[in-house]
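# Observations on chain architecture
Residue strings, one per chain:
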Amino acid sequence: EPAGPRELRELAGSFNAMAADLEAARRDVEAERRRLATVIESLGDGLIVCDPDGRVLERNPRAATLVPELDPGHRLADDPGPLPPLRQALGREVEVEHGGRTLSVTAARLGPRTEDGVVFTVRDVSERARLERLKTEFVATASHELRSPLTSIKGFVELLEASPSLSDKQREFVEIILLSTNRLVDLVNDLLDVARIEAGRLAIARRPVAIREVVEEVAALMRPRVEEAGQTLELDFSPEVVAADADPERLRQIVTNLVTNAHLYTPEGGRIRVGVGPEADRRVALTVADTGRGMDAEQLSHLFDRFYRAAPASSGPSGSGLGLSIVRSLVDLHGGTIDVDSTPGEGTTFTVHLPAAQPTTEETSPRALLRGRRVMVVEDDPGIAKLIATQLEPWEVETVLVDSGEEAIARLRAESFDAVTLDILLGGMTGFEVLRAVREDPELRDTAVVVVSVFSGREALAGEWVVSKPIDADELTGALGSAMLAGRTRVLVVGRDEVRPTIAGALERLGIDHEWASSGEAAARLCEARRFEVALVDAGLPSPHDVITRLDLRGRRERRSIIVFSDGDEAPGLARLDAEPVAVETAGAAVLAALGDGATSR
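Residues numbered from 1 in each chain as written. Predicted model: local features only at pLDDT ≥ 70, side-chain atom pairs only at ≥ 80, totals over all residues. Heavy atoms only, no water.

### A word on the overall build of the chain
Here is the rule: Every helix listed is a DSSP run of H or I at least four residues long, and every strand listed is a run of E at least two residues long, numbered separately from the N terminus. Should any heavy atoms of two residues lie within 4.5 Å, those residues are counted as being in contact. The method behind every accessible area is Shrake-Rupley, applied with a 1.4 Å probe, and residues are considered shielded solely by the protein chains displayed.
Helices and strands together make up the secondary structure of the chain, namely 17 helices and 22 strands. Put simply, 63% of the contacts in the chain that link residues at least 6 apart link residues at least 24 apart. For the chain, the exposed area adds up to about 30300 Å²; of that, 51% sits on carbon and sulfur atoms.

### Some points on the packing of helix 6 (residues 211-228) against helix 7 (residues 248-264)
So the rule is basically this: Helix axes are fitted only over the stretch in contact, all axes being lines through C-alpha atoms; the angle between N-to-C directions runs from 0 to 180 degrees. Left-handed describes a crossing in which the near helix is turned anticlockwise from the far one by less than a right angle; the clockwise case is right-handed. Gly counts as polar in this scheme, as do all residues outside two lists: the nonpolar Ala, Val, Leu, Ile, Met, Phe, Trp, Tyr, Cys and Pro, and the charged Asp, Glu, Lys and Arg.
Their axes nearest at 10 Å, the elements helix 6 and helix 7 cross at an angle of 35°. Pair helix 6 / helix 7 crosses with right-handed handedness. Of the residues in helix 7, those touching helix 6 at Ile-211, Val-214, Val-215, Glu-217, Val-218, Met-222, Arg-225 and Val-226 are Leu-251, Arg-252, Val-255, Thr-256, Val-259, Thr-260 and His-263. A class-by-class count of the residues in the contact of helix 6 with helix 7 yields nine nonpolar, three polar and three charged.

### Topic: the packing of helix 7 against helix 9 (residues 323-333)
Relative to each other, helix 7 and helix 9 sit at 145°, their axes nearing to 9 Å. By crossing handedness, the relation of helix 7 to helix 9 is classed as left-handed. The residues of helix 9 that touch helix 7, namely those facing Arg-250, Gln-253, Ile-254, Asn-257, Leu-258 and Asn-261, are Gly-323, Leu-324, Ile-326, Val-327, Leu-330 and Val-331. Broken down by class, the residue content of the contact of helix 7 with helix 9 amounts to seven nonpolar, four polar and one charged.

### Considerations on the pattern of salt bridges
Any two side chains of opposite charge can pair, on the condition that their charged atoms come close. Put simply, the rule is: For this document, the term salt bridge refers to a Lys or Arg side-chain nitrogen within 4 Å of an Asp or Glu carboxyl oxygen. Three labels apply to residues, based on accessible area from a 1.4 Å probe with only protein chains included: buried if under 20% of the type maximum, exposed if over 50%, partly exposed otherwise in between.
The tally for this structure, following the rule as stated, stands at 28 salt bridges. One salt bridge in this structure joins Arg-35 and Glu-32, with 2.5 Å as the shortest N-O distance. Taken together, the residues span about one helical turn, with Arg-35 and Glu-32 both in helix 1 (residues 6-42) at a distance of three residues. Residue classification places Glu-32 among the partly exposed residues on the basis of a relative accessible area of 44%. A single salt-bridge network, built from bridges that share partners, covers Arg-374, Glu-398, Glu-407, Arg-411 and Glu-415.

### Overview of the nonpolar core
As a reminder, the rule being used: Residues grouped as a nonpolar core are buried Ala, Val, Leu, Ile, Met, Phe, Trp, Tyr and Cys residues, joined through side-chain atoms within 4.5 Å.
If you look at the biggest cluster of nonpolar residues, it comprises 38 residues, and the most contacted ones within it are Val-215, Ile-254, Leu-258, Val-276, Leu-286 and Val-352. Elements represented by at least two residues in this core include exactly helix 6, strand 7 (232-237), strand 8 (243-246), helix 7, strand 9 (271-279), strand 10 (283-290), helix 9 and strand 12 (347-355). For this core, the element with the most residues is helix 6, which contributes seven residues. Excluding its chain neighbours within four sequence positions, the residues that come into contact with Leu-258 are Val-288, Leu-324, Val-327, Phe-350 and Val-352. Core analysis: the next-biggest nonpolar cluster, separate from the first, contains 21 residues, Ala-385, Val-397, Trp-465 and Val-467 among them.

### Concerning a nonpolar patch on the surface
Our working rule: Patch members must show over 30% relative accessible area and no salt bridge, and they are joined within 9 Å when carrying like charges or within 5 Å when they are nonpolar side chains of Val, Leu, Ile, Met, Phe, Trp or Tyr.
A cluster of nonpolar residues, Leu-8, Leu-11, Phe-15, Met-18 and Leu-22, forms a patch on the protein surface that exposes about 510 Å² of accessible area. Secondary-structure assignment places Leu-8 in helix 1. Overall, the relative accessible area of 48% leaves Leu-8 in the partly exposed class.

### Regarding the packing of aromatic side chains
The description of an aromatic ring pair uses the distance of the two centres, along with the angle that the planes make with each other. Worth spelling out the cut-off: Centres within 6.5 Å make a pair out of two Phe, Tyr or Trp rings, where for Trp the six-membered ring is used; the pair is then stacked when the planes are under 30 degrees apart, edge-to-face when over 60, and tilted otherwise. A ring is considered to have a charge above it if a Lys NZ or an Arg CZ atom is located within 6 Å of its centre and within 35 degrees of its normal.
Going through the model one piece at a time under the given rule, you end up with zero aromatic pairs. Geometry around Phe-417 places Arg-374 over its ring, the cationic atom sitting 4.4 Å from the centre.

### A word on helix 11 (residues 405-414)
What counts, and what does not: The arc in question is traced by the directions running from the helix axis to the C-beta atoms. Two N or O atoms form a polar contact when they lie within 3.5 Å of each other; inside protein one atom must be a possible hydrogen donor and the other a possible acceptor, and for residues adjacent in sequence the pair counts only when both atoms belong to side chains.
Along helix 11, the residues classified as buried are Gly-405, Ala-408, Ile-409 and Leu-412. Seen along its axis, helix 11 keeps its buried residues to an arc of 95°; they face one direction. Those residues of helix 11 hidden inside the fold are in contact with strand 13 (374-378), strand 14 (398-402), strand 15 (419-422) and helix 12 (431-440). Of the residues that open helix 11, the one with a side-chain oxygen 3.2 Å from the backbone nitrogen of Glu-407 is Ser-404.

### Notes on the side chain of Asn-60
Note that Asn-60 resides in the loop between strand 2 (56-59) and helix 2 (61-66). A polar contact of 3.0 Å, which involves the side chain of Asn-60, links it to the backbone nitrogen of Ala-63. Residues within four places of Asn-60 in sequence aside, it is in contact with Ile-40, Glu-41, Leu-43, Asp-45, Gly-46 and Leu-47.

### Concerning the sheet that holds strand 14
What counts here: DSSP-based pairing: two strands are paired if at least 2 bridges between them are found.
Taken together, five strands build an open sheet; the order of strands is 14-13-15-16-17 and the sheet is parallel. The strands lining the two open edges of the sheet, one partner per strand, are strand 14 and strand 17 (465-467). Between one strand axis and the next, the sheet turns through 25° on average, direction left out of account. For strand 13 and strand 15, the ladder comprises four bridges, and the chain directions are parallel. Along strand 15, the bridge assignment pairs Val-378 with Leu-422. Packing against the sheet, helix 10 (residues 382-392) makes contact with strand 13, strand 14, strand 15 and strand 16 (448-452), and its axis sits at approximately 175° to strand 14. Of the strands in this sheet, strand 13, strand 14 and strand 15 touch helix 11, which is tilted by about 160° from strand 13.

### Description of the sheet that holds strand 22 (residues 582-583)
Reading across from one edge, 19-18-20-21-22 is the order of the five strands in this open sheet, with parallel pairing throughout. Of all strands in the sheet, those bounded by a partner on one side alone are strand 19 (514-517) and strand 22.

### Let's talk about the environment of Val-499
Secondary-structure assignment places Val-499 in the loop between strand 18 (491-494) and helix 14 (500-509). Counting along the chain gives 68 residues from Val-499 to Asp-567, while the straight-line C-alpha distance between them is 7.7 Å. Setting aside residues no more than four positions away along its own chain, Val-499 makes contact with Trp-516, Asp-538, Phe-565 and Asp-567.

### Let's talk about the environment of Pro-355
Note on placement: Pro-355 falls in strand 12. Among the residues examined, Pro-355 registers a relative accessible area of 13% and is labelled buried. For the pair formed by Pro-355 and Ala-285, sequence separation is 70 residues and the distance between their alpha carbons is 9.0 Å. Each residue touching Pro-355, except ones within four places of it in the same chain, is listed here: Arg-206, Ala-244, Asp-245, Arg-282, Arg-283, His-334 and Gly-335.

### What about the side chain of Thr-102?
Within the secondary structure, Thr-102 is located in strand 4 (residues 101-109). Non-local contacts of Thr-102, meaning those with residues more than four positions away in its chain, are made with Glu-95, Val-96, Glu-97, Arg-123, Asp-124, Val-125, Ser-126 and Ala-129.

### Description of the pairing of strand 20 (residues 534-538)
Successive residues of a regular strand alternate their side chains across the two faces of the sheet. Counting buried residues along strand 20, five of its five residues qualify, which places the element largely inside the surrounding structure. Residues Val-534, Leu-536 and Asp-538 point to one face of strand 20 and Ala-535 and Val-537 to the other, with burial holding for every one of them. As paired strands, strand 20 and strand 21 (residues 561-566) are joined by five bridges and run parallel to one another. Across the sheet, residue Leu-536 finds its bridge partner in strand 21, namely Ile-563.

Here is the structure:
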């Protein structure tokens, strides 16, 4: 109670007021703490708080359900359980499979210092993952159902276009049908590409392509839309003939998506310019520039994000938001780069840099091997079988049409064929079974086979030549000639005898052909005699680095791979290697991944 002189009473009153304020603040903090604890306990996401040493301090009930093994006191350094490494989870989502669930894990530091500890957030995204799988399956199934009839339409319209009996008016109509069919094929392929990108299995078939012809074709298709919007489409070609080492269908997709993007975001009266020219270091530049609204730094940072869309320049549709994301993925697959220069209110310029094609002639191309050859066409759709036969006619190829897998195997064993085109979706014996029977037969295993199907990413097709439907005649003939020239993809293994049973068994189970060498000298001799695309090198050899320097992989694809494996023993030459070895048990899977991803370098 305040008492005594006035000054002491005032001081006591101030202390009492301060005590009351502190008590009120304490009650507020305690109430807030209880509310926060209730919120955390009722969260649908799991929260795990760890100290700087990675020891679990606290977790909420949801975390106890999702990851029951990570109870308080558990040390992540001893057993991280389902949690990914901290450096991977900081600031981004990492998906893991655990206990029959798909979990999304993120991490954040509790303060600016590492001593403040870390909180992990664990979310059950099993339903999202299931819906993503269903979406991917639906897209693949729907695309397949659309591509089968489109294959016949596109193929026979192309044959009709080549007929000399058409009048000028009829030829004009046929050309319009063909352009529209190609556009529909592109739309279906976009759907399929989204699924393939998400699965990491987008593939390309590269060959020399005249970029000018591709640009002119896209311009002919796009010009009516551009002019209807009051825009001007200009083409600017270098006088020098420019050819890129690219997949023509994918290149057409790149040009179409970039021109469509420029059209959507350029106002009436604007200009779109498409340019093609050579660059230094055997590169080719494709430029698409517009005088549209341009983009600021924030928009540029999200430009290649999937489903990102800005408002179009007109009231028309703004697109799906997938075009530029697909463009970047395709450019990356070609070993190229893409640059963007944009100024708000002035316009945007996309520049794609691609590898230039090596000079070639028709006489030296793989297609020259087709003349006079005998090819079996295994296809249960009579229209597509006839289409393939007709596409091979200009090369004087004798074709034998077979509509079942059983008949194909019987005739291959009884007659002589130089190559086979094989559909996968056959009635009765499937194409996968036919392929397996061919590869297991010592008399047939070296037969050149080109799979012609919508299924291009299955494990059973690793190392095989694949042409997707709808069938491009140039791609088909190029693949057949190359298959006869190079044969099936082979893997070279250089290793010690004691690891041979493990490696050879794994590769044989995966259906992958391979040759074995025990030294760098033997490997060099094999490289001179055969074409290899992937090499497995044993880190336990006396000098694995020297073995690698002697390898000359001359496989059918430009990107090749050297994979180092280890059985856990200390290797004397390991310190000189740049690559981190894979475990001997996973070497077969690493080879399969290299073949499935286009054999990118490791």
